[in-house]
Amino acid sequence: MHALISGASVAGPVLAYWLRRHGWRVTVVERAADARAGDGGHAVDLFGPAVDVIERMGLLDRVREARTRNDTITLFREGRAPITLATADLATGIPGRHIEIMRGPLAGLLHEVTRDDVDYRFGTVIERLDGATAVLSSGDTVDADLVVGADGLHSGVRALAFGPEERYRRFLGAYLAVYTLPDVLGTGPTVAAFTAPGLAATVYPTLTPGLSRALFLVRSQQELRGDGKEILRGLAGDRLGPRVAAVLEHLGAAGDFYFDDISQIRMDSWSRGPVTLVGDAGYGPGPAVGGGTSLAAAAAYVLAAELATGPVDDALRRYEAALAGPVRHSRRIGPSVLGAIVPRNRAQVWLTAQATRLLPRLPRPARRWLTSFGGGPAAMLDGLVLPPAGATRS
Ligand SMILES: Cc1cc2nc3c(=O)[nH]c(=O)nc-3n(C[C@H](O)[C@H](O)[C@H](O)COP(=O)(O)OP(=O)(O)OC[C@H]3O[C@@H](n4cnc5c(N)ncnc54)[C@H](O)[C@@H]3O)c2cc1C
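Residues numbered from 1 in each chain as written. Predicted model: local features only at pLDDT ≥ 70, side-chain atom pairs only at ≥ 80, totals over all residues. Heavy atoms only, no water.

The name an unreviewed UniProt entry gives the protein is FAD-dependent monooxygenase, with Actinoplanes flavus as the organism.

See below:
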(Lines give C-alpha, C1' and ligand atoms only; values in the text may rest on other atoms or scores of the structure.)
Protein backbone atom coordinates (compact mmCIF):
# COMPACT_ATOMS: atom_id res chain seq x y z
CA MET A 1 0.00 0.00 0.00
CA HIS A 2 1.21 3.48 -0.84
CA ALA A 3 0.34 6.71 1.00
CA LEU A 4 0.93 10.19 -0.37
CA ILE A 5 1.15 12.69 2.50
CA SER A 6 1.15 16.46 2.02
CA GLY A 7 3.01 18.32 4.81
CA ALA A 8 6.22 17.51 6.69
CA SER A 9 5.87 19.30 9.99
CA VAL A 10 4.34 17.27 12.85
CA ALA A 11 1.38 15.15 11.72
CA GLY A 12 2.99 14.25 8.37
CA PRO A 13 6.26 12.71 9.61
CA VAL A 14 4.58 10.99 12.60
CA LEU A 15 2.12 9.37 10.21
CA ALA A 16 4.92 8.51 7.77
CA TYR A 17 6.94 6.85 10.53
CA TRP A 18 4.09 4.63 11.69
CA LEU A 19 2.87 3.77 8.22
CA ARG A 20 6.39 2.58 7.37
CA ARG A 21 6.34 0.48 10.53
CA HIS A 22 3.10 -1.05 9.26
CA GLY A 23 4.71 -1.87 5.92
CA TRP A 24 3.34 0.97 3.76
CA ARG A 25 5.31 2.81 1.10
CA VAL A 26 5.23 6.53 1.86
CA THR A 27 5.79 9.65 -0.24
CA VAL A 28 5.71 13.04 1.52
CA VAL A 29 5.44 16.31 -0.39
CA GLU A 30 6.24 19.53 1.45
CA ARG A 31 5.87 23.07 0.19
CA ALA A 32 8.91 24.34 2.13
CA ALA A 33 12.29 24.02 0.43
CA ASP A 34 13.81 21.82 3.17
CA ALA A 35 13.20 20.17 6.53
CA ARG A 36 12.58 22.74 9.22
CA ALA A 37 15.47 23.10 11.58
CA GLY A 38 16.83 26.64 11.90
CA ASP A 39 16.09 28.38 15.16
CA GLY A 40 12.68 27.07 15.66
CA GLY A 41 9.55 28.87 14.50
CA HIS A 42 7.41 28.94 17.61
CA ALA A 43 7.08 26.94 20.81
CA VAL A 44 4.60 24.06 20.73
CA ASP A 45 3.35 21.68 23.41
CA LEU A 46 3.38 17.92 23.64
CA PHE A 47 0.97 16.64 26.26
CA GLY A 48 0.25 13.12 27.63
CA PRO A 49 -0.53 10.82 24.68
CA ALA A 50 1.56 12.93 22.29
CA VAL A 51 4.56 12.41 24.58
CA ASP A 52 3.75 8.68 24.52
CA VAL A 53 3.83 8.71 20.71
CA ILE A 54 7.22 10.44 20.74
CA GLU A 55 8.48 7.89 23.25
CA ARG A 56 7.25 4.98 21.11
CA MET A 57 9.21 6.50 18.22
CA GLY A 58 12.35 6.33 20.39
CA LEU A 59 12.66 10.11 20.40
CA LEU A 60 11.80 11.00 23.98
CA ASP A 61 15.33 11.75 25.20
CA ARG A 62 16.20 13.83 22.14
CA VAL A 63 12.94 15.78 22.28
CA ARG A 64 13.45 16.42 26.01
CA GLU A 65 17.00 17.53 25.32
CA ALA A 66 15.73 20.00 22.68
CA ARG A 67 12.95 21.41 24.89
CA THR A 68 12.66 25.14 25.51
CA ARG A 69 14.41 26.40 28.63
CA ASN A 70 12.23 29.36 29.49
CA ASP A 71 11.89 28.59 33.17
CA THR A 72 10.46 31.94 34.29
CA ILE A 73 7.96 34.42 32.97
CA THR A 74 7.97 38.10 33.95
CA LEU A 75 4.85 40.22 33.63
CA PHE A 76 5.85 43.86 33.04
CA ARG A 77 3.42 46.60 34.07
CA GLU A 78 3.72 50.33 33.40
CA GLY A 79 4.82 52.18 36.54
CA ARG A 80 4.64 49.05 38.69
CA ALA A 81 7.13 46.41 39.79
CA PRO A 82 7.36 43.46 37.38
CA ILE A 83 6.05 40.11 38.61
CA THR A 84 8.15 37.00 37.98
CA LEU A 85 6.73 33.51 38.06
CA ALA A 86 8.20 30.05 37.50
CA THR A 87 6.69 28.60 34.33
CA ALA A 88 6.32 25.36 36.33
CA ASP A 89 3.68 27.17 38.42
CA LEU A 90 1.76 28.00 35.24
CA ALA A 91 1.93 24.33 34.28
CA THR A 92 0.41 23.08 37.55
CA GLY A 93 -2.92 22.50 35.81
CA ILE A 94 -1.39 20.22 33.20
CA PRO A 95 -1.97 16.60 34.14
CA GLY A 96 0.56 14.01 32.95
CA ARG A 97 3.69 14.58 30.95
CA HIS A 98 4.32 17.84 29.11
CA ILE A 99 7.21 19.01 26.92
CA GLU A 100 7.46 22.43 25.31
CA ILE A 101 9.72 22.49 22.25
CA MET A 102 10.14 24.78 19.24
CA ARG A 103 8.31 23.43 16.21
CA GLY A 104 11.42 23.60 13.98
CA PRO A 105 13.59 21.24 16.05
CA LEU A 106 10.63 18.91 16.59
CA ALA A 107 9.96 18.74 12.84
CA GLY A 108 13.73 18.31 12.29
CA LEU A 109 13.89 15.29 14.61
CA LEU A 110 10.76 13.76 13.08
CA HIS A 111 12.27 14.16 9.63
CA GLU A 112 15.55 12.65 10.77
CA VAL A 113 13.95 9.41 11.97
CA THR A 114 11.93 9.00 8.78
CA ARG A 115 14.13 10.33 5.99
CA ASP A 116 15.96 7.07 5.23
CA ASP A 117 12.89 5.16 4.16
CA VAL A 118 10.34 7.80 3.25
CA ASP A 119 10.39 9.47 -0.17
CA TYR A 120 10.44 13.16 0.83
CA ARG A 121 9.93 15.74 -1.90
CA PHE A 122 10.55 19.26 -0.64
CA GLY A 123 9.52 22.35 -2.54
CA THR A 124 6.64 20.32 -3.97
CA VAL A 125 2.84 20.52 -3.62
CA ILE A 126 -0.10 18.52 -4.94
CA GLU A 127 -1.66 20.49 -7.78
CA ARG A 128 -4.46 18.17 -8.86
CA LEU A 129 -6.20 15.31 -7.19
CA ASP A 130 -8.44 12.68 -8.72
CA GLY A 131 -9.28 10.08 -6.07
CA ALA A 132 -5.87 8.99 -4.83
CA THR A 133 -4.07 9.98 -8.03
CA ALA A 134 -2.17 13.21 -7.61
CA VAL A 135 -0.39 15.48 -10.05
CA LEU A 136 2.50 17.22 -8.31
CA SER A 137 3.96 20.66 -8.98
CA SER A 138 7.11 18.84 -10.18
CA GLY A 139 5.04 17.40 -13.03
CA ASP A 140 5.14 13.86 -11.60
CA THR A 141 1.97 11.85 -11.14
CA VAL A 142 1.64 9.72 -8.01
CA ASP A 143 -0.84 6.88 -8.03
CA ALA A 144 -1.41 6.16 -4.33
CA ASP A 145 -3.90 4.14 -2.28
CA LEU A 146 -4.43 6.97 0.17
CA VAL A 147 -3.81 10.73 0.12
CA VAL A 148 -3.43 12.52 3.45
CA GLY A 149 -3.51 16.27 3.98
CA ALA A 150 -1.17 16.96 6.91
CA ASP A 151 -0.60 20.42 5.51
CA GLY A 152 -1.91 22.62 8.28
CA LEU A 153 -4.57 25.28 8.72
CA HIS A 154 -4.45 26.41 5.10
CA SER A 155 -4.34 22.86 3.76
CA GLY A 156 -3.95 22.41 0.02
CA VAL A 157 -5.41 18.87 0.13
CA ARG A 158 -8.49 20.15 1.96
CA ALA A 159 -9.02 22.80 -0.70
CA LEU A 160 -8.65 20.23 -3.49
CA ALA A 161 -10.83 17.50 -1.98
CA PHE A 162 -13.33 19.36 0.22
CA GLY A 163 -13.57 22.89 -1.18
CA PRO A 164 -12.59 26.37 -0.05
CA GLU A 165 -11.27 27.06 3.44
CA GLU A 166 -14.04 29.64 4.14
CA ARG A 167 -16.50 26.76 4.44
CA TYR A 168 -14.65 25.29 7.40
CA ARG A 169 -13.00 28.25 9.09
CA ARG A 170 -14.40 29.63 12.34
CA PHE A 171 -12.87 32.99 13.37
CA LEU A 172 -12.27 33.23 17.13
CA GLY A 173 -12.12 37.03 17.24
CA ALA A 174 -8.36 37.49 17.50
CA TYR A 175 -5.16 37.76 15.47
CA LEU A 176 -1.72 36.41 15.98
CA ALA A 177 1.59 37.95 14.94
CA VAL A 178 5.09 36.50 15.40
CA TYR A 179 8.52 37.72 14.34
CA THR A 180 12.20 37.50 15.24
CA LEU A 181 14.21 40.50 16.40
CA PRO A 182 17.45 41.25 18.23
CA ASP A 183 17.25 40.72 21.98
CA VAL A 184 16.40 44.36 22.62
CA LEU A 185 14.82 43.73 26.02
CA GLY A 186 17.85 41.93 27.44
CA THR A 187 15.61 39.85 29.67
CA GLY A 188 17.75 36.73 29.27
CA PRO A 189 16.05 33.34 29.45
CA THR A 190 12.83 34.67 30.95
CA VAL A 191 9.66 35.12 28.89
CA ALA A 192 8.71 38.82 29.04
CA ALA A 193 4.92 39.30 29.08
CA PHE A 194 2.78 42.41 28.59
CA THR A 195 -0.97 42.95 28.60
CA ALA A 196 -3.42 45.74 27.83
CA PRO A 197 -7.15 45.59 27.10
CA GLY A 198 -7.52 43.38 24.03
CA LEU A 199 -3.78 42.76 23.71
CA ALA A 200 -1.12 40.37 24.98
CA ALA A 201 2.52 40.13 23.96
CA THR A 202 5.35 37.84 24.94
CA VAL A 203 9.00 38.14 23.98
CA TYR A 204 11.20 35.11 24.49
CA PRO A 205 14.70 33.95 23.52
CA THR A 206 15.17 31.89 20.37
CA LEU A 207 17.70 29.07 20.06
CA THR A 208 20.13 31.56 18.48
CA PRO A 209 21.94 33.67 21.09
CA GLY A 210 21.18 37.38 20.74
CA LEU A 211 17.85 36.85 19.00
CA SER A 212 14.39 36.81 20.51
CA ARG A 213 10.93 36.25 19.18
CA ALA A 214 7.87 38.40 19.80
CA LEU A 215 4.37 36.96 19.78
CA PHE A 216 1.31 39.23 19.83
CA LEU A 217 -2.30 38.19 20.38
CA VAL A 218 -4.79 40.91 19.50
CA ARG A 219 -8.55 40.82 19.88
CA SER A 220 -10.68 42.15 17.05
CA GLN A 221 -14.32 41.36 16.43
CA GLN A 222 -14.04 42.38 12.78
CA GLU A 223 -12.00 40.41 10.34
CA LEU A 224 -9.12 42.60 9.20
CA ARG A 225 -7.62 42.57 5.74
CA GLY A 226 -4.42 44.17 4.51
CA ASP A 227 -0.78 44.39 5.47
CA GLY A 228 -0.24 42.48 8.74
CA LYS A 229 2.58 44.74 9.92
CA GLU A 230 0.42 47.83 9.48
CA ILE A 231 -2.50 46.14 11.20
CA LEU A 232 -0.33 45.14 14.16
CA ARG A 233 1.18 48.63 14.45
CA GLY A 234 -2.31 50.13 14.35
CA LEU A 235 -3.75 47.79 16.96
CA ALA A 236 -0.80 47.69 19.37
CA GLY A 237 0.42 51.29 18.99
CA ASP A 238 2.12 52.27 22.23
CA ARG A 239 -0.49 50.64 24.42
CA LEU A 240 1.95 48.11 25.87
CA GLY A 241 4.52 50.65 27.03
CA PRO A 242 8.03 51.62 25.92
CA ARG A 243 9.56 48.13 26.07
CA VAL A 244 7.05 46.80 23.54
CA ALA A 245 7.35 50.01 21.51
CA ALA A 246 11.07 49.12 21.19
CA VAL A 247 10.09 45.62 20.08
CA LEU A 248 7.68 47.05 17.50
CA GLU A 249 10.45 49.22 16.06
CA HIS A 250 11.95 46.02 14.62
CA LEU A 251 8.74 45.07 12.88
CA GLY A 252 9.67 46.75 9.60
CA ALA A 253 12.89 44.74 9.27
CA ALA A 254 11.39 41.39 10.31
CA GLY A 255 11.94 38.93 7.47
CA ASP A 256 10.03 36.07 9.09
CA PHE A 257 6.92 38.07 10.06
CA TYR A 258 3.90 35.79 10.42
CA PHE A 259 0.39 37.19 10.76
CA ASP A 260 -2.80 35.19 10.75
CA ASP A 261 -6.27 35.20 12.17
CA ILE A 262 -6.91 32.83 15.05
CA SER A 263 -9.45 30.47 13.54
CA GLN A 264 -10.47 26.89 13.99
CA ILE A 265 -11.10 24.35 11.27
CA ARG A 266 -14.51 22.77 11.82
CA MET A 267 -15.52 19.88 9.59
CA ASP A 268 -18.21 17.28 10.27
CA SER A 269 -16.09 14.69 8.53
CA TRP A 270 -12.49 14.95 7.33
CA SER A 271 -12.35 11.93 5.03
CA ARG A 272 -13.71 11.61 1.51
CA GLY A 273 -13.05 8.45 -0.47
CA PRO A 274 -9.31 7.67 -0.33
CA VAL A 275 -8.47 11.19 0.93
CA THR A 276 -8.26 12.19 4.58
CA LEU A 277 -6.89 15.00 6.73
CA VAL A 278 -4.83 14.83 9.89
CA GLY A 279 -3.82 17.51 12.41
CA ASP A 280 -4.52 21.22 11.84
CA ALA A 281 -5.66 20.54 8.27
CA GLY A 282 -8.76 18.69 9.46
CA TYR A 283 -9.45 20.05 12.94
CA GLY A 284 -7.01 22.84 13.80
CA PRO A 285 -8.17 24.11 17.21
CA GLY A 286 -6.63 27.58 16.66
CA PRO A 287 -2.93 28.49 16.42
CA ALA A 288 -1.13 29.38 19.68
CA VAL A 289 -4.20 28.84 21.85
CA GLY A 290 -5.45 25.33 21.18
CA GLY A 291 -2.82 22.63 21.75
CA GLY A 292 -2.95 21.59 18.09
CA THR A 293 0.47 19.94 18.12
CA SER A 294 -0.51 17.22 20.57
CA LEU A 295 -3.72 16.57 18.71
CA ALA A 296 -1.78 16.34 15.42
CA ALA A 297 0.83 13.89 16.76
CA ALA A 298 -1.62 11.63 18.60
CA ALA A 299 -4.11 11.63 15.72
CA ALA A 300 -1.42 10.70 13.17
CA TYR A 301 -0.47 7.73 15.32
CA VAL A 302 -4.11 6.62 15.63
CA LEU A 303 -4.67 6.97 11.88
CA ALA A 304 -1.62 4.80 11.12
CA ALA A 305 -2.74 2.18 13.65
CA GLU A 306 -6.20 2.00 12.06
CA LEU A 307 -4.71 1.73 8.58
CA ALA A 308 -2.60 -1.19 9.79
CA THR A 309 -5.62 -3.26 10.66
CA GLY A 310 -7.97 -3.21 7.69
CA PRO A 311 -9.16 -1.71 4.40
CA VAL A 312 -8.69 2.04 3.95
CA ASP A 313 -12.36 3.03 4.06
CA ASP A 314 -13.02 1.10 7.31
CA ALA A 315 -9.83 2.46 8.82
CA LEU A 316 -10.82 6.05 8.00
CA ARG A 317 -14.22 5.54 9.64
CA ARG A 318 -12.59 4.19 12.81
CA TYR A 319 -10.02 7.01 12.78
CA GLU A 320 -12.79 9.63 12.68
CA ALA A 321 -14.72 7.86 15.43
CA ALA A 322 -11.64 7.70 17.67
CA LEU A 323 -10.90 11.38 17.16
CA ALA A 324 -14.47 12.72 17.42
CA GLY A 325 -14.34 13.27 21.21
CA PRO A 326 -10.91 14.97 21.39
CA VAL A 327 -11.74 17.12 18.35
CA ARG A 328 -15.04 18.29 19.92
CA HIS A 329 -13.20 19.03 23.15
CA SER A 330 -10.43 20.90 21.31
CA ARG A 331 -12.97 23.40 19.95
CA ARG A 332 -13.67 24.72 23.45
CA ILE A 333 -10.03 25.32 24.27
CA GLY A 334 -9.13 28.26 22.01
CA PRO A 335 -11.91 30.56 23.25
CA SER A 336 -11.17 29.62 26.87
CA VAL A 337 -7.39 30.14 26.57
CA LEU A 338 -7.92 33.43 24.70
CA GLY A 339 -10.27 34.52 27.49
CA ALA A 340 -7.58 33.77 30.07
CA ILE A 341 -4.53 35.28 28.39
CA VAL A 342 -5.85 38.29 26.44
CA PRO A 343 -7.71 40.55 28.87
CA ARG A 344 -10.87 42.16 27.56
CA ASN A 345 -10.73 45.30 29.69
CA ARG A 346 -8.80 47.15 32.40
CA ALA A 347 -10.39 45.13 35.17
CA GLN A 348 -9.15 41.92 33.57
CA VAL A 349 -5.66 43.40 33.10
CA TRP A 350 -5.62 44.08 36.85
CA LEU A 351 -6.99 40.62 37.65
CA THR A 352 -4.36 38.94 35.47
CA ALA A 353 -1.62 40.76 37.38
CA GLN A 354 -3.12 39.80 40.74
CA ALA A 355 -3.54 36.17 39.71
CA THR A 356 0.08 36.09 38.45
CA ARG A 357 1.33 37.58 41.73
CA LEU A 358 -0.71 35.24 43.90
CA LEU A 359 -0.31 32.04 41.90
CA PRO A 360 2.91 30.73 43.51
CA ARG A 361 1.45 31.31 46.98
CA LEU A 362 -1.77 29.44 46.37
CA PRO A 363 -2.26 25.86 47.50
CA ARG A 364 -1.65 23.35 44.72
CA PRO A 365 -5.35 22.51 44.05
CA ALA A 366 -6.16 26.22 43.58
CA ARG A 367 -3.12 26.64 41.31
CA ARG A 368 -4.21 23.60 39.34
CA TRP A 369 -7.71 24.99 38.88
CA LEU A 370 -6.49 28.44 37.86
CA THR A 371 -4.04 27.08 35.29
CA SER A 372 -6.15 24.32 33.79
CA PHE A 373 -7.95 26.70 31.36
CA GLY A 374 -11.22 24.90 31.95
CA GLY A 375 -9.87 21.46 31.19
CA GLY A 376 -7.60 22.89 28.51
CA PRO A 377 -5.25 21.52 25.88
CA ALA A 378 -3.83 18.76 28.08
CA ALA A 379 -7.24 17.36 29.01
CA MET A 380 -8.54 17.18 25.44
CA LEU A 381 -6.61 13.97 24.83
CA ASP A 382 -7.77 12.34 28.06
CA GLY A 383 -10.37 10.22 26.29
CA LEU A 384 -7.97 9.05 23.60
CA VAL A 385 -6.59 5.56 24.09
CA LEU A 386 -3.54 4.95 21.94
CA PRO A 387 -3.68 1.54 20.24
CA PRO A 388 -0.60 -0.67 20.78
CA ALA A 389 2.39 0.16 18.61
CA GLY A 390 1.46 -2.84 16.43
CA ALA A 391 3.29 -4.34 13.49
CA THR A 392 6.97 -3.83 13.01
CA ARG A 393 8.63 -2.61 9.86
CA SER A 394 8.30 -5.08 7.05
C1 LIG B 1 2.57 31.35 16.07
C2 LIG B 1 2.04 30.01 16.46
C3 LIG B 1 2.14 29.61 17.77
C4 LIG B 1 1.68 28.34 18.15
N5 LIG B 1 1.81 27.96 19.45
C6 LIG B 1 1.45 26.73 19.80
C7 LIG B 1 1.62 26.28 21.15
O8 LIG B 1 2.07 27.03 22.02
N9 LIG B 1 1.27 25.00 21.44
C10 LIG B 1 0.78 24.15 20.49
O11 LIG B 1 0.55 22.97 20.78
N12 LIG B 1 0.56 24.56 19.23
C13 LIG B 1 0.87 25.82 18.87
N14 LIG B 1 0.66 26.23 17.59
C15 LIG B 1 -0.03 25.32 16.65
C16 LIG B 1 0.89 24.27 16.09
O17 LIG B 1 1.96 24.84 15.38
C18 LIG B 1 0.05 23.36 15.17
O19 LIG B 1 -1.11 22.93 15.84
C20 LIG B 1 0.85 22.13 14.75
O21 LIG B 1 2.07 22.51 14.19
C22 LIG B 1 0.01 21.32 13.79
O23 LIG B 1 0.81 20.38 13.11
P24 LIG B 1 0.42 19.89 11.66
O25 LIG B 1 1.50 18.93 11.28
O26 LIG B 1 -0.98 19.47 11.64
O27 LIG B 1 0.48 21.18 10.73
P28 LIG B 1 1.58 22.29 10.55
O29 LIG B 1 2.59 22.26 11.64
O30 LIG B 1 0.90 23.56 10.27
O31 LIG B 1 2.37 21.82 9.25
C32 LIG B 1 1.84 21.87 7.98
C33 LIG B 1 2.98 21.59 7.01
O34 LIG B 1 2.44 21.53 5.69
C35 LIG B 1 3.19 22.37 4.83
N36 LIG B 1 2.28 22.82 3.79
C37 LIG B 1 1.35 23.80 3.87
N38 LIG B 1 0.64 23.86 2.72
C39 LIG B 1 1.15 22.90 1.93
C40 LIG B 1 0.82 22.45 0.62
N41 LIG B 1 -0.16 23.02 -0.09
N42 LIG B 1 1.52 21.42 0.10
C43 LIG B 1 2.53 20.83 0.81
N44 LIG B 1 2.89 21.22 2.04
C45 LIG B 1 2.19 22.24 2.59
C46 LIG B 1 3.73 23.47 5.71
O47 LIG B 1 4.88 24.06 5.15
C48 LIG B 1 4.03 22.69 6.99
O49 LIG B 1 5.30 22.11 6.95
C50 LIG B 1 1.08 27.48 17.19
C51 LIG B 1 0.96 27.91 15.85
C52 LIG B 1 1.44 29.15 15.50
C53 LIG B 1 1.30 29.57 14.06
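1. Points about the nonpolar core
Spelled out, the test is: To form a nonpolar core, buried Ala, Val, Leu, Ile, Met, Phe, Trp, Tyr and Cys residues must be joined to one another through side-chain atoms within 4.5 Å. Only protein chains enter the area calculation, which uses a 1.4 Å probe; residues under 20% of their type maximum are buried, those over 50% are exposed, and those in between are partly exposed. Secondary structure elements follow DSSP: runs of H or I of four or more residues count as helices, runs of E of two or more count as strands, with numbering from the N terminus. Should any heavy atoms of two residues lie within 4.5 Å, those residues are counted as being in contact.
Formed by 99 residues in total, the largest nonpolar core has its most connected members in Val278 and Leu323. In terms of residue count, the dominant contributor to this core is helix 10 (residues 292–307) (eleven residues). When residues no more than four places from it in sequence are discounted, the contact partners of Val278 are Ala11, Val148, Gly149, Ala150, Tyr283, Ala296, Ala299, Ala300, Leu303 and Tyr319. With 22 residues, the next largest nonpolar core counts Ala236, Leu240, Val244 and Val247 among its residues.

2. Digging into the site of the ligand
Worth spelling out the cut-off: One heavy atom within 4 Å of a molecule or strand is enough for the residue carrying it to be called near that molecule or strand. As used in this structure description, the phrase polar contact means that two N or O atoms lie within 3.5 Å; if the pair is within protein, one of them must be able to donate a hydrogen and the other to accept it, and residues adjacent in sequence are counted only when both atoms belong to side chains. Only the protein chains shown count as cover for residues, and the accessible areas themselves come from Shrake-Rupley with a 1.4 Å probe.
The environment of the ligand is formed by 31 residues, the closest being Ser9, Ala11, Glu30, Arg36 and Arg103. Within the backbone of Val10, one N or O atom sits 3.2 Å away from an oxygen atom of the ligand. Between the ligand and Ala11, the relevant distance is 2.9 Å, taken from an oxygen atom to a main-chain nitrogen or oxygen of the residue. Relative to its free-state accessible area of 1,000 Å², the ligand is covered by the protein chains to the extent of 90%.

3. A word on the side chain of Arg169
Here Arg169 is to be found in strand 12 (residues 169–182). Within the structure, the side chain of Arg169 is placed 3.1 Å from the side chain of Asp261, a separation counted as a polar contact.

4. So, the pattern of salt bridges
The cut-off we apply is this: One speaks of a salt bridge when a side-chain nitrogen belonging to Lys or Arg is within 4 Å of a carboxyl oxygen belonging to Asp or Glu.
This structure, assessed with the given rule, holds 13 salt bridges. Salt-bridge contacts for Arg97 lead to Asp52; the nearest nitrogen and oxygen are separated by 2.7 Å. Remark: Asp52 occurs in helix 2 (residues 48–56) and Arg97 occurs in the loop between helix 4 (87–90) and strand 6 (98–102); sequence separation between them is 45 residues. When its relative accessible area of 26% is taken as the criterion, Asp52 is described as partly exposed. Here Arg233 ties to Glu230 by a salt bridge, and the two come within 2.8 Å at their closest N and O atoms. Of the two residues, Arg233 and Glu230 both sit in helix 7 (residues 228–236), three residues apart, roughly one turn of that helix. You can call Arg233 partly exposed: its relative accessible area is 33%. Overlapping salt bridges bring together Arg169, Glu223, Arg225 and Asp261 as one network.

5. Thoughts on the packing of helix 10 against helix 11 (residues 312–341)
So the rule is basically this: Only the contacting stretch of a helix is used when fitting its axis, a line to C-alpha atoms as for every element, and angles between N-to-C directions run 0 to 180 degrees. Note that the term roughly parallel is reserved for angles under 35 degrees, roughly antiparallel for angles over 145, roughly perpendicular for angles of 65 to 115, and oblique for everything else. Put simply, a crossing is left-handed when the front helix is turned counterclockwise from the back one by less than a right angle, and right-handed when it is turned clockwise. Residues were grouped as follows: Ala, Val, Leu, Ile, Met, Phe, Trp, Tyr, Cys and Pro as nonpolar; Asp, Glu, Lys and Arg as charged; and all remaining residues, including Gly, as polar.
Look at helix 10 against helix 11: their axes get within 8 Å of each other, and the N-to-C directions meet at 155°. Relative to helix 11, the element helix 10 is oriented roughly antiparallel. Helix 10 and helix 11 meet at a crossing whose hand is right-handed. Residues Leu295, Ala299, Val302, Leu303, Glu306 and Leu307 of helix 10 pack against Val312, Ala315, Leu316, Arg318, Tyr319, Ala322, Leu323, Pro326 and Ser330 of helix 11. Classifying every residue of the contact of helix 10 with helix 11 by side-chain character gives twelve nonpolar, one polar and two charged.

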